[in-house]
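Here is how the chains run, residue by residue.
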There are 2 protein chains.
Amino acid sequence: MFSYLNMNGGEAAAEQRAVARLYEQSRAAGLKLNMSRGIPDKTQVDLSQGMLELLKTPEDYMADGTDTRSYAAPMCAGLPCAKAFFAPFLGVPEDNVIVGGNSSLNLMHDAVARGMVFGFSGCEPWAAQSLRGKIKFICPAPGYDRHFAVTEHFGIEMVTVPMGRHGPDMDAVEELVKDPAVKGIWCVPKYSNPTGVTYSKETVERFASLRPAADDFRIFWDNAYCVHDLYGTSDELANLYELLARDGREEMAFIFVSTAKISFPGAGVAAMAAGAQGAARIKKAVSVQTIGFDKTNQLRHVRFLKDMENVHAHMKKHAAVIRPKFEAVLNELDAQLTPAEIASWTKPRGGYFISLDVLPGTAKRVVELCAAAGVQMTPAGATFPYGIDPEDKNIRIAPTFPSVSEIEQAAELLCLCVRLAALEKITGVKAL
Amino acid sequence: MFSYLNMNGGEAAAEQRAVARLYEQSRAAGLKLNMSRGIPDKTQVDLSQGMLELLKTPEDYMADGTDTRSYAAPMCAGLPCAKAFFAPFLGVPEDNVIVGGNSSLNLMHDAVARGMVFGFSGCEPWAAQSLRGKIKFICPAPGYDRHFAVTEHFGIEMVTVPMGRHGPDMDAVEELVKDPAVKGIWCVPKYSNPTGVTYSKETVERFASLRPAADDFRIFWDNAYCVHDLYGTSDELANLYELLARDGREEMAFIFVSTAKISFPGAGVAAMAAGAQGAARIKKAVSVQTIGFDKTNQLRHVRFLKDMENVHAHMKKHAAVIRPKFEAVLNELDAQLTPAEIASWTKPRGGYFISLDVLPGTAKRVVELCAAAGVQMTPAGATFPYGIDPEDKNIRIAPTFPSVSEIEQAAELLCLCVRLAALEKITGVKAL
């Protein structure tokens, strides 16, 4: 193999024929693999099976002086033991914690919905402001497609800023928040989706120092992968809440966590935090919205996961399952794509994704070629607002769900497709 | 005992002294009882304990070809087997069912929120309409305080119509819906909260025949007590969806059910339905809001409760627990209050409440006297919009949570308080 960047016409055509042949062989194998979503595999889900057998008798369901099977309406914002459990995940005092149902996305959605209907910090509701002109959210990209979907759902305009090696481009963020129409920013600060980047201390400091023109600006700090290390050491993430609190500005952030990828993806527990005033308003709103979220599931989680120390031990078991899958992908990328010099990618130390940048203008084609050979990838563009990657180059790889041998096959095919699409672009001839 | 209505001054004063003495004796007993909320007692919650032990192995959690512990995002609107389970509760085709989390109140809240932000039937969002003048909901009263709380939360004006023996005053409802600002009505059509009334066939027919001025008018049909019979036979409720569908008007209703009072009050499963278009829009919105509600709990419910026939058998066990409590209250009301002719009450054949009308102007005082003697009642007025009962006469009795002997004590005290407050009003002298 050799760099694709310095080939002459004949070399490129020959390489294209060779790669196309390999691709056809793979396609003939009739793969049926999916690297499209960040889903824990069955082994990982089984790691928490004990949780489902822990509480047996009616007495087991008693906690904090209440029967968790029943309403306990005053505990609407969460069982006290669950609030204590989640406080260190969120990095906030227990009083600021709201424990929800099974979905942190739902908590985020509801937080945006409250901005729309009720507004924040005494400002007009976002819906009312929207009638005079679009309100906007900053979307570091590549980012999480479901964040972008929530924003789009509410008719909020999305403004992209680039994700770098230390987090979002903070020069761009600081510039954008001067616009009073800018009301929020989506962040996955640790092992970011999909780049795997952890925001540097300087980045978090700059977030804490933001002075947005809009009083109702909110940082949506989705710390989805806060304990999701792949290796023995953890990336360090500065505590946004504490940094904000130094200047009494802690109302500016909503912080979210979830056990979706600690226990059960569809049956975990989510929690959020805000400043004291924001948390009080959310608790009041939640007490109108529901008599309470499922406290039996909160209790199961507390009893099984116990505390941060135990959670870290539990996460090591997850890492043991998925680290080889990440490494299988990275090895294949390195073997096939490093020599060709047509792609770059991240080497995350945690989280659920590898972000791959292919030759600009070829990402859609790569995903199409993968699909035609039985490997489903996240749609190209999904990591950008409105599903539009301006350079058509980013592909999110989700290596956790298939087995290691499947991942090896899928990664091999993916790399062939990256090469083939690049060669098509270079030669101007579609191979297939 | 004798009628309080025909007493002379001396008789009234003597009766007041006698009742005050009895009240003081009760108060000295230091009761600590709660008849304020419709909460199943522990025996009832234990009836479903088997559900929590039914699914053990990872394989037990497989259903409809998916691992319910994981995302299964395409099943965002509910496990297919859960949709099939809930369809007959809702009286709609399976396709129109959305299975949610643990709270039907949350589904109702979210439905109102969608009206506010997105609007219905192509009309402007309610929030935008509200900027030009209040939008309104019709609130049959006495009714459910948490419905009223949701309406108030969103700044929607509440217009009261009286609840009668066959449902809401439909003449009033038909008149009110001529106002295009009227956007909805709250209904608990079977064993209504708190009157226990089941809407008659004629009432439901008139609902189905409503021709509101507002295209975005919606009936919020909270069928919370659809299978909650106290006796061997069930009140018959006409199927609103089918009646609406006759004229192609099924988009006018949102229908809700919940297992809160079938399985676990805080850990049940809720479901809703709408017309085909509405259901499709809700499913789309839900798919933005969450990757999915907890499907393990949906599966537990389907496996344990199985089908309508089995649910009816299960509900007979609930009835056996709570029927004696209803009867203890009714017997005491009859013994103390029938002769005095100062109160009237409902004798529900299902649901969770008895609605008591005391001498106008005395309900608050009755609740106050009860509290002073250690019996907590639902705050007087709670059954009316804004917590204001214009005649100050309605008291909601929730007899399910305390034991039979506690209920006997509580009902005895309540009746004493009703008599004492009436006598205070008649004599013009506060006894205490």
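Here the structure is a predicted model, which is why all the values come from computation and not from measurement.

> Explain the overall build of chain A residue by residue, including any values.
A tally of helices and strands in chain A yields 14 helices and 15 strands. With the C-alpha coordinates of chain A rotated into their principal frame, the extents come out at 75 × 55 × 35 Å. Here chain A, with 432 residues, has 62% of them falling under the buried criterion. Considering only contacts in chain A between residues 6 or more positions apart, those separated by 24 or more positions represent 76%. Surface summary for chain A: the accessible area is close to 15,500 Å², and the carbon and sulfur share equals 53%. Where the 45 positive side-chain charges of chain A centre and where its 50 negative ones centre are 3 Å apart.

> Got a sec to walk through the nonpolar core? Specific residues and values, please.
Counting residues in hydrophobic clusters, the biggest one holds 123 residues, and the most contacted among them are Phe86, Phe207, Ile219 and Trp221 of chain A together with Phe86, Phe207 and Ile219 of chain B. Residues Phe148 and Phe254 of chain A together with Ala77 and Met108 of chain B belong to the second largest nonpolar core, which totals 76 residues.

> Lay out the sheet that holds strand β13 (residues 354–357) of chain B with the relevant residues and their values.
Residue and element names in this part refer to chain B. Read across the open sheet, the 3 strands follow the order β12-β13-β15; overall the sheet is antiparallel. Strand pairing shows two members of the sheet lacking a second neighbour, β12 (344–345) and β15 (394–397), which therefore form its edges. Where β12 meets β13, 2 bridges bridge the pair, whose relative direction is antiparallel. Paired with Trp345 across the strands is Leu356, a residue of β13.

> So what's going on with the relation of the copies chain A and chain B? Residues and values would help.
Screw-axis analysis of chain A against chain B gives a translation of 0.0 Å along the axis, an RMSD of 0.0 Å, and a rotation angle of 180°. Taken together, the turn and the small shift mark the pair as related by a two-fold rotation axis. With an isologous cut-off of 70% or more, the 100% of interface residues of chain A that recur at the interface of chain B puts this contact in the isologous class.

> An account of the packing of helix α10 (residues 276–289) of chain A against helix α6 (residues 145–153) of chain B is requested, with residue identities and associated values reported.
Where α10 of chain A contacts α6 of chain B, the axes come no closer than 8 Å and their chain directions differ by 135°. The angle between the axes of α10 of chain A and α6 of chain B places the two elements in the oblique class. Together, Ala285, Ser287 and Val288 of chain A of α10 of chain A and Arg146, Ala149, Val150 and His153 of chain B of α6 of chain B make up the contact between the two elements.

> Would you mind going over the side chain of Asp229 of chain B in detail, with residue names and values included?
All names here are of chain B. Along the chain, the position of Asp229 falls in the loop between β9 (218–222) and α9 (240–246). For Asp229, which is buried and forms no salt bridge, the nearest opposite charge comes from Lys190, at a distance of 4.3 Å. A distance of 2.7 Å separates polar atoms of two side chains, one belonging to Asp229 and the other to Tyr191. Separated by 2.9 Å, the side chains of Asp229 and Ser234 make a polar contact. Excluding its chain neighbours within four sequence positions, the residues that come into contact with Asp229 are Lys190, Tyr191, Ser234, Asp235, His312, Ala319, Arg349 and Gly350.

> Please give an account of helix α4 (residues 104–117) of chain B that cites residues and values.
Residues and elements named next belong to chain B. In a regular helix each residue adds 1.5 Å, so 14 residues correspond to 20 Å; α4 covers 20 Å between its end C-alpha atoms and thus fits that length. With respect to burial, α4 is a largely interior element, 14 of its 14 residues being buried. Taking the backbone nitrogen of Leu105 as reference, a side-chain oxygen 3.4 Å away marks Ser103 as the first, capping residue of α4.

> Account for the pairing of strand β5 (residues 136–141) of chain B, with residues named and values stated.
All names here are of chain B. Of all 6 residues in β5, 5 are buried, a share of seventy percent or more. Here β5 pairs with strand β6 (residues 157–164) via 6 bridges, running parallel. Note that in β6 the partner of Cys139 across the bridge is Thr160. Note on the crossover from β5 through α6 to β6: the handedness is right-handed. Strand direction decides the pairing type here: β5 and strand β8 (residues 182–187), joined by 3 bridges, are parallel. Bridge pairing in β8 links Lys136 to Val182.

> Describe the interface of chain A and chain B, naming the residues involved and giving the relevant values.
At the interface, 55 residues of chain A touch 55 residues of chain B. In this structure, the connection of chain A to chain B is made through 4 salt bridges. For Arg69 of chain A, the salt bridge goes to Asp46 of chain B, with nearest N and O atoms at 2.8 Å. The tally of links from chain A across to chain B stands at 18 residue pairs in polar contact (both at pLDDT 80 or more). Counting residues per element, the side of chain A that touches chain B draws most heavily on helix α4 (residues 104–117) of chain A, at 6 residues. In the side of chain A that touches chain B, the residues fall into 26 nonpolar, 16 polar and 13 charged.

> Explain the environment of Val45 of chain A to me, and be specific about the residues and the numbers.
Inspection of the secondary structure puts Val45 of chain A in helix α2 (residues 42–46). Along the backbone, Val45 of chain A and Phe264 of chain A are 219 residues apart, and their C-alpha atoms lie at a distance of 5.9 Å. If we skip the residues at most four places from it in the chain, Val45 of chain A touches Pro40, Ser263, Phe264 and Pro265 of chain A together with Asp67 and Arg69 of chain B.

> Before we move on, can you summarise the sheet that holds strand β4 (residues 97–99) of chain B with the specific residues and values?
Residues and elements named next belong to chain B. Read from one edge to the other, the open sheet built from 8 strands follows the order β4-β11-β10-β9-β8-β5-β6-β7, with strand pairing classed as mixed. Each edge of the sheet is formed by a strand with only one pairing partner; in this case those strands are β4 and β7 (167–168). One ladder, built from 4 bridges, connects strand β10 (residues 253–258) with strand β11 (residues 270–273); its direction is antiparallel. Each bridged residue has a counterpart across the sheet, and for Phe256 the counterpart in β11 is Met272.

> Account for the packing of aromatic side chains, naming residues and giving values.
Applying the stated criterion across every chain yields a total of 34 aromatic pairs over all chains. Taking the centre distance of 5.6 Å and the plane angle of 25° together, the rings of Phe154 of chain A and Phe118 of chain B count as stacked. Of the two residues, Phe154 of chain A sits in the loop between α6 (145–153) and β6 (157–164) while Phe118 of chain B sits in the loop between α4 and α5 (126–130), which places them in two different chains. Take Phe118 of chain B: its relative accessible area is 23%, and that puts it in the partly exposed class.

> Outline the pattern of salt bridges, listing residues and values.
Residues and elements named next belong to chain A. A full pass over the atoms with the stated rule returns 44 salt bridges over all chains. With its nearest N and O atoms 2.9 Å apart, the salt bridge here joins Arg132 to Glu124. With a relative accessible area of 62%, Arg132 lands in the exposed category. With relative accessibility at 37%, the residue Glu124 sits in the partly exposed group.

Quick notes on the rules
- Residues numbered from 1 in each chain as written.
- Chains lettered and ligands numbered in written order.
- Predicted model: local features only at pLDDT ≥ 70, side-chain atom pairs only at ≥ 80, totals over all residues.
- Heavy atoms only, no water.
- Helix = DSSP H or I, 4+ residues; strand = E, 2+ residues; numbered from the N terminus.
- Buried < 20%, exposed > 50% of the residue type's maximum accessible area, 1.4 Å probe, protein only.
- Contact = heavy atoms within 4.5 Å.
- Areas by Shrake-Rupley, 256 points an atom, 1.4 Å probe, with all protein chains shown as cover.
- Lys, Arg positive; Asp, Glu negative; His and termini not counted.
- Charge placed at Lys NZ, Arg CZ, Asp CG, Glu CD.
- Core = buried A, V, L, I, M, F, W, Y, C linked by side-chain atoms within 4.5 Å.
- Pairing = 2+ DSSP bridges.
- Least-squares fit on C-alpha atoms with pLDDT ≥ 70 in both.
- Axes fitted to C-alpha atoms, helices over the stretch in contact; angles between N-to-C directions.
- Parallel < 35°, antiparallel > 145°, perpendicular 65-115°, else oblique.
- Salt bridge = Lys/Arg side-chain N within 4 Å of Asp/Glu carboxyl O.
- Polar contact = N/O pair within 3.5 Å; in protein donor to acceptor, adjacent residues only side chain to side chain.
- Expected span 1.5 Å × (residues − 1).
- Right-handed = clockwise from strand over helix to strand, strands pointing away.
- Nonpolar A, V, L, I, M, F, W, Y, C, P; charged D, E, K, R; others polar.
- Phe/Tyr/Trp six-rings, centres within 6.5 Å; stacked < 30°, edge-to-face > 60°.

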